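# Survey of secondary and tertiary structure
These are the residues of each chain, in order.
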Amino acid sequence: MEFVAVSGEGTVFTYTVAYQQFHPDVPTPFVIALVELNEQRGLRVVANIVDCDPSAVACGMPVRVRFEQHDSVFVPVFSPA
């Protein structure tokens, strides 16, 4: 195995909309998705979908990664491409 850079582009494979608030800093509803990256079939990442109304998310929707900073940690999230 080796680390290889990827484009950060992919499609929503499947998703769920969360209505239960688990942390006071994360407003509901929010989307948790399994995103399949373009580089390899079956290469999937779990992440939030942002900058999109939850009702607009759909399987097969093209998305692009961006990173949100939370203190000293950068978290990958995806937004519509």
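Residues numbered from 1 in each chain as written. Predicted model: local features only at pLDDT ≥ 70, side-chain atom pairs only at ≥ 80, totals over all residues. Heavy atoms only, no water.

Note on placement: Val45 falls in strand β3 (residues 44-49). Here Val45 falls in the partly exposed class, since its relative accessible area comes to 25%. The sequence separation of Val45 and Glu2 amounts to 43 residues, and the corresponding C-alpha distance is 17 Å. The residues contacting Val45, other than those within four sequence positions of it, are Ala33, Leu34, Val35, Leu37 and Phe78. (Helix = DSSP H or I, 4+ residues; strand = E, 2+ residues; numbered from the N terminus. Buried < 20%, exposed > 50% of the residue type's maximum accessible area, 1.4 Å probe, protein only. Contact = heavy atoms within 4.5 Å.)

Okay, the side chain of Ser79 next. Mapping Ser79 onto the fold places it in strand β5 (residues 73-80). Taking the relative accessible area as the measure of exposure, Ser79 reaches 13% and is therefore buried. Excluding its chain neighbours within four sequence positions, the residues that come into contact with Ser79 are Val50, Asp51, Pro62, Val63 and Arg64.

Moving on: the UniProt feature "domain: ChsH2 C-terminal OB-fold" (unreviewed entry) in the chain. UniProt feature "domain: ChsH2 C-terminal OB-fold" (unreviewed entry): in the numbering of this structure it lies at residues 4-68. With 0% helix and 48% strand, residues 4-68 has its two end C-alpha atoms placed 21 Å apart. (UniProt positions renumbered as here; feature names shortened; annotations may be inferred.)

Right, let's get into the pattern of salt bridges. Considering all chains together, one arrives at 4 salt bridges under this definition. The shortest N-O distance in the salt bridge between Arg64 and Glu9 comes to 3.2 Å. With a gap of 55 residues between them, Arg64 in strand β4 (residues 62-70) and Glu9 in strand β1 (residues 9-18) connect regions that are remote in the sequence. A salt bridge links Glu68 to Arg66; its shortest N-O distance comes to 3.2 Å. The class of Glu68 is partly exposed, set by a relative accessible area of 23%. Judged by its relative accessible area of 30%, Arg66 falls in the partly exposed class. The network of salt bridges with shared partners includes Asp51, Arg66 and Glu68. (Salt bridge = Lys/Arg side-chain N within 4 Å of Asp/Glu carboxyl O.)

Time to look at the environment of Asp53. Mapped onto the elements of the fold, Asp53 is located in the loop between β3 and β4. On the basis of relative accessibility, which here comes to 48%, the residue Asp53 falls in the partly exposed class. The spacing of Asp53 and Pro29 is 24 residues in sequence and 9.1 Å in space, taken between C-alpha atoms. Of the polar contacts made by the side chain of Asp53, one reaches the side chain of Ser55; its length is 2.4 Å. (Polar contact = N/O pair within 3.5 Å; in protein donor to acceptor, adjacent residues only side chain to side chain.)

On to the packing of aromatic side chains, then. Overall, the coordinates contain 0 aromatic pairs when judged by the stated rule. Against the face of Phe13 rests Arg44, its NZ or CZ located 3.6 Å from the ring centre. (Phe/Tyr/Trp six-rings, centres within 6.5 Å; stacked < 30°, edge-to-face > 60°. Lys NZ or Arg CZ within 6 Å of the ring centre and 35° of its normal.)

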